[in-house]
Amino acid sequence: MEKYVVIGNPIRHSLSPAMQNRIFQELGMNAKYDSVLIEEADFETEITRLMDSGVVGFNITTPFKERILPFLDELDSLATASGAVNTVLRKNKKWYGFNTDGKGYLEGLEEIRLITENDSILITGAGGASKAIYLALKNYTTAKITVANRTSEKAVEMTKNHSNHQAMTLDEAEKNLADFTIIIQTTSIGLEASKNKSPISLANLTKGTICSDIIYNPAETAFLKEAKKYGAITQNGLPMFVNQGALAFEIWTGVKPNRSLMKDAVLEQLGGN
Ligand code: ATR
């Protein structure tokens, strides 16, 4: 049986096993995908053990996406540019690292409509997820991108030397909100439903703007609730999660999986919300 895993910490609530096993089952493949908790202090020992265990491929989630790099032989262009890997494949005794987060995000966004040079995109947040999305949008679309972050230096660092793109403070972004056709929320603020907070006020939003949050649990963050109130087209992080997993599946098996089955598997785990 072929063995696949996702490693991270925490990992208990990962929905990747349910999503990937659904596809292995559907295709009648003799393969199994599990989650593996790795303690931060044991990463080097545990990753070596895992790579010696006959695993064919694996996913990496927080906080190990950068620490895996020294263990890999080759990286794809997005993994190289972001310095982070979420998918690993063993092939001919070599280890290949990929980053499917940004492309997965873009595939999900383009389920709404194609992105063109007329789009002006605001990304709030400048952490790992933001960087992956920024790089995919920069490399695969012609839209103009603005990054706004609480710690504004990080947004400046991300966009420097990229002439078509820029950084703003969150305050500036709020004031200029009507200029954007798409707003992507990548900060972790919405993860705590109790906080009920959006990183920016959407009072200046134009009706029909696409507002997208990378969080899918809760299904509707404070940001998405507010966006709906102002007449935005909204999307949560589920399409990104499904598509990054589908791209990983394709890297491992060469088979393009049925994304809607993967989505159903995730929704079942989330309790149908
Ligand atoms: P991830 O890998 O999910 O992107 P991360 O790299 O830790 O996580 O990044 C978290 C992002 O959320 C950062 O942009 C962070 O802003 P700072 O760079 O200023 O820390 C942002 N963030 C977290 N809590 C926030 C809050 N309460 N208000 C605004 N931004 C917040």
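An unreviewed UniProt entry annotates the protein as Shikimate dehydrogenase (NADP(+)) of Listeria immobilis. The Sequence similarities (unreviewed entry) comment attached to the protein in UniProt states, word for word, "Belongs to the shikimate dehydrogenase family." UniProt's Pathway (unreviewed entry) comment on the protein is quoted here verbatim: "Metabolic intermediate biosynthesis; chorismate biosynthesis; chorismate from D-erythrose 4-phosphate and phosphoenolpyruvate: step 4/7."

Caption draft 1: A look at the site of the ligand. Around the ligand, the surrounding shell consists of Gly125, Ala126, Gly127, Gly128, Ala129, Asn149, Arg150, Thr151, Lys154, Thr187, Ser188 and Ile189. Contact between the ligand and Ala129: an oxygen atom at 3.0 Å from a main-chain N or O atom of the residue. Burial of the ligand by the protein amounts to 68% of the accessible area it has alone, namely 640 Å². Residue composition of the shell around the ligand, by class: three nonpolar, seven polar and two charged.

Caption draft 2: Up close: the nonpolar core. Core analysis: the biggest nonpolar cluster contains 24 residues, and Tyr4 and Val266 have the highest contact counts within it. It is helix α9 (residues 238-253) that contributes the most residues to this core, seven residues altogether. With residues near it in sequence (within four places) discarded, Tyr4 still touches Phe24, Ala31, Lys32, Tyr33, Asp34, Val55, Val56, Gly57, Trp252 and Thr253. In terms of nonpolar packing, the next biggest core, distinct from the first, is built from 22 residues, Ala126, Tyr134, Leu137 and Val147 among them.

Caption draft 3: Broad picture of the pairing of strand β3 (residues 57-60). Here β3 shows no split at all, with Gly57 and Asn59 on one side and Phe58 and Ile60 on the other all buried. Of the pairings in the sheet, the one linking strand β1 (residues 2-8) to β3 comprises four bridges and is parallel in character. When the bridges of β3 are listed, Tyr4 appears paired with Gly57. Looking at chain direction, β3 and strand β5 (residues 87-91) are connected through three bridges and run antiparallel. Residue Asn59 lies in a different strand from β5, and its bridge partner there is Thr87.

Parameters at a glance
Residues numbered from 1 in each chain as written. Predicted model: local features only at pLDDT ≥ 70, side-chain atom pairs only at ≥ 80, totals over all residues. Heavy atoms only, no water. UniProt positions renumbered as here; feature names shortened; annotations may be inferred. Near = heavy atom within 4 Å. Polar contact = N/O pair within 3.5 Å; in protein donor to acceptor, adjacent residues only side chain to side chain. Areas by Shrake-Rupley, 256 points an atom, 1.4 Å probe, with all protein chains shown as cover. Nonpolar A, V, L, I, M, F, W, Y, C, P; charged D, E, K, R; others polar. Core = buried A, V, L, I, M, F, W, Y, C linked by side-chain atoms within 4.5 Å. Buried < 20%, exposed > 50% of the residue type's maximum accessible area, 1.4 Å probe, protein only. Helix = DSSP H or I, 4+ residues; strand = E, 2+ residues; numbered from the N terminus. Contact = heavy atoms within 4.5 Å. Pairing = 2+ DSSP bridges.

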